[in-house]
Amino acid sequence: MPSSMFSLEGKAAAITGGGRGIGRGIALAFADAGADVAVLARTQAEIEAVAAEIKAKGRKAVAISTDVTQSHDIAKAVKRAMEELGRIDIWVNNAGGEVGFVASTLEQAFAVPTLQIEEAEWDRIFAVNLKGCFLCCQAAGRAMIERGGGVIINTGSLAALTNAPGYAHYSAAKAGVMSLTLTLAAEWAPHDIRVNCILPGLIATPATSWDKLPPPLGQAMLGGIPLKRWGLPQDIAITAVFLASEASSYITGSCLEVTGGLAMHV
Ligand code: NDP
């Protein structure tokens, strides 16, 4: 098995939410694997910093200010990425989350009752996690169908596989991402577009700070993970490299758990 099967040499990729956390990890891993990368998110300083890191690795990079809930932003981003990189072979829908984890004790951890979720908050979480993914899939899919193929990787969550008290809006939106993945994989297989989804477990990022939880809560949560460590952005990034590369050429419509074994319990 040649290691070139895992290479992204000569490929161009776009990553939403590429400015920090998991998205930044994926953007840098793609560059390490040989790809040129368009880094998309709203915070200009963060996407420019990641683009600079990619250029320092000798790859092309472009930072494109984009709000994934706005279709005109996405259309502009696709156009700009095509102009700067010449093509889009891989599109990663990683932007999302946006639910604060604020508990400091196990008792508080899952205590944001569904009855307290405002309608506007439900819409906001669905807009960034599901509508944004749909709009980006549509825009990237169009460009890939025209070009004759490509790879789309969506980001679900362990929360979509189980009950998630306190996160009804988020888990439902991520379940929608899984469903969208299966439908698009079936619709676009004839166009040689593979569509897969990664389901991260508890990954330590600026959004979650799992690794910085106060000890009683942190230890209790860590105790439930069979591999006994928090996930790192690199754990998701290496999975994304696999799903973007030729090594996974027979995989489409898959939702791959990267949870340190936590998904076994749900
Ligand atoms: P972070 O908050 O660290 O990063 C989120 C990224 O998404 C940022 O770059 C942010 O940039 C961008 N983003 C947010 N909203 C928008 C928007 N409307 N348009 C464009 N970009 C946006 O989150 P994580 O790295 O922790 O999470 C990344 C993904 O992984 C999310 O989809 C999340 O749901 C999922 N996930 C994470 C888990 C974890 O434990 N960390 C577990 C399961 C799933 P900006 O604000 O500048 O736009």
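In case you missed it, the structure is sitting above this.
What counts, and where the lines are drawn
Residues numbered from 1 in each chain as written. Predicted model: local features only at pLDDT ≥ 70, side-chain atom pairs only at ≥ 80, totals over all residues. Heavy atoms only, no water. Helix = DSSP H or I, 4+ residues; strand = E, 2+ residues; numbered from the N terminus. Rg over C-alpha atoms; globule rule 2.2 N^0.38 Å. Buried < 20%, exposed > 50% of the residue type's maximum accessible area, 1.4 Å probe, protein only. Contact = heavy atoms within 4.5 Å. Lys, Arg positive; Asp, Glu negative; His and termini not counted. Charge placed at Lys NZ, Arg CZ, Asp CG, Glu CD. Pairing = 2+ DSSP bridges. Right-handed = clockwise from strand over helix to strand, strands pointing away. Near = heavy atom within 4 Å. Polar contact = N/O pair within 3.5 Å; in protein donor to acceptor, adjacent residues only side chain to side chain. Areas by Shrake-Rupley, 256 points an atom, 1.4 Å probe, with all protein chains shown as cover. Nonpolar A, V, L, I, M, F, W, Y, C, P; charged D, E, K, R; others polar. Expected span 1.5 Å × (residues − 1). Bend = angle between axes of the 7 residues up to and from the residue. Salt bridge = Lys/Arg side-chain N within 4 Å of Asp/Glu carboxyl O.

Peer 1: Account for the overall build of the protein, naming residues and giving values.
Peer 2: Summing up its helical and strand segments, the protein has eight helices and seven strands in all. The globule rule puts the C-alpha radius of gyration for 266 residues at 18 Å, and the 18 Å found for the protein is close to it. Along the first, second and third principal axes, the C-alpha set of the protein runs to 50 × 40 × 35 Å. A total of 266 residues make up the protein; the buried ones form 51% of that total. Sequence-distant contacts, at least 24 apart, represent 72% of the contacts inside the protein between residues at least 6 apart. In the protein, 21 positive and 24 negative side-chain charges are present, and the distance between their average locations comes to 5 Å.

Peer 1: Explain the pairing of strand S5 (residues 150-155) residue by residue, including any values.
Peer 2: When you tally the buried positions in S5, you get six out of six residues, the bulk of the element. Side chains Gly-150, Ile-152 and Asn-154 project from S5 onto one buried face, and the interleaved Val-151, Ile-153 and Thr-155 project onto a second face that is buried too. Pairing between strand S4 (residues 90-93) and S5: four bridges, direction parallel. Across the sheet, residue Val-92 finds its bridge partner in S5, namely Ile-153. Pairing of S5 with strand S6 (residues 193-200), which is carried by six bridges, proceeds in the parallel orientation. Bridge pairing in S6 links Val-151 to Arg-194. With helix H6 (residues 168-188) bridging S5 and the parallel S6, this β-α-β connection has right-handed handedness.

Peer 1: So what about the site of the ligand? Which residues, and what values?
Peer 2: Taken together, 32 residues surround the ligand, and among them Arg-42, Thr-43, Asn-94, Tyr-170 and Thr-205 come closest. The side chain of Arg-20 places a nitrogen or oxygen atom 3.3 Å from an oxygen atom of the ligand. The backbone of Ile-22 places a nitrogen or oxygen atom 2.9 Å from an oxygen atom of the ligand. Considered on its own, the ligand offers 880 Å² of accessible surface; in the complex 95% of this is hidden by protein. Elements represented by at least two residues in the shell around the ligand include exactly helix H1 (21-32), helix H5 (119-147) and H6. Along the lines of polarity and charge, the residues of the shell around the ligand split into 12 nonpolar, 15 polar and five charged.

Peer 1: Break down H5 for me, with residues and values.
Peer 2: Helix length check: H5 (29 residues) gives 40 Å between terminal C-alpha atoms against 42 Å at 1.5 Å per residue, within 8%. In the structure, H5 departs most strongly from a straight axis at Ala-127, where the bend amounts to approximately 45°. Following H5 by one or two positions, Gly-148 adopts a phi angle in the positive range, close to 100°.

Peer 1: Mind laying out the environment of Ala-159, listing which residues take part and the relevant values?
Peer 2: For Ala-159, the location among the structural elements is in the loop between S5 and H6. In this structure, the C-alpha to C-alpha distance between Ala-159 and Ser-171, residues 12 residues apart in sequence, is 5.1 Å. Once you skip the residues sitting within four places of it in the chain, Ala-159 turns out to touch Ala-164, Tyr-170 and Ser-171.

Peer 1: Describe the environment of Thr-259, with residues and values.
Peer 2: You can see Thr-259 is positioned in the segment after strand S7 (255-258). Looking at Thr-259, the relative accessible area reads 10%, which means it is buried. C-alpha of Thr-259 to C-alpha of Ser-71: the two residues are 188 residues apart in sequence and 32 Å apart in space. With residues near it in sequence (within four places) discarded, Thr-259 still touches Leu-158, Leu-199, Pro-200, Gly-201 and Ile-225.

Peer 1: Any chance you could break down the side chain of Thr-69 for me, citing the residues and the numbers?
Peer 2: Looking at where Thr-69 falls in the secondary structure, it is placed in the loop between strand S3 (61-65) and helix H3 (71-85). Here Asp-67 takes part through its side chain, which lies 2.8 Å from a polar atom of the side chain of Thr-69. When sequence neighbours within four positions are dropped, the list of residues in contact with Thr-69 reads Ala-127, Val-128, Lys-131 and Leu-135.

Peer 1: So what's going on with the pattern of salt bridges? Which residues, and what values?
Peer 2: One pass over the full model with this rule turns up 13 salt bridges. Across the pair Arg-59 and Glu-9 runs a salt bridge whose closest N-O atoms are separated by 3.3 Å. Highlighted residues: Arg-59 in the loop between helix H2 (44-56) and S3 and Glu-9 in the segment before strand S1 (12-16), separated in sequence by 50 residues. Among the residues examined, Arg-59 registers a relative accessible area of 23% and is labelled partly exposed. A relative accessible area of 52% places Glu-9 in the exposed class. Through salt bridges with shared partners, a single ionic network connects Arg-42, Glu-98, Glu-121 and Arg-124.

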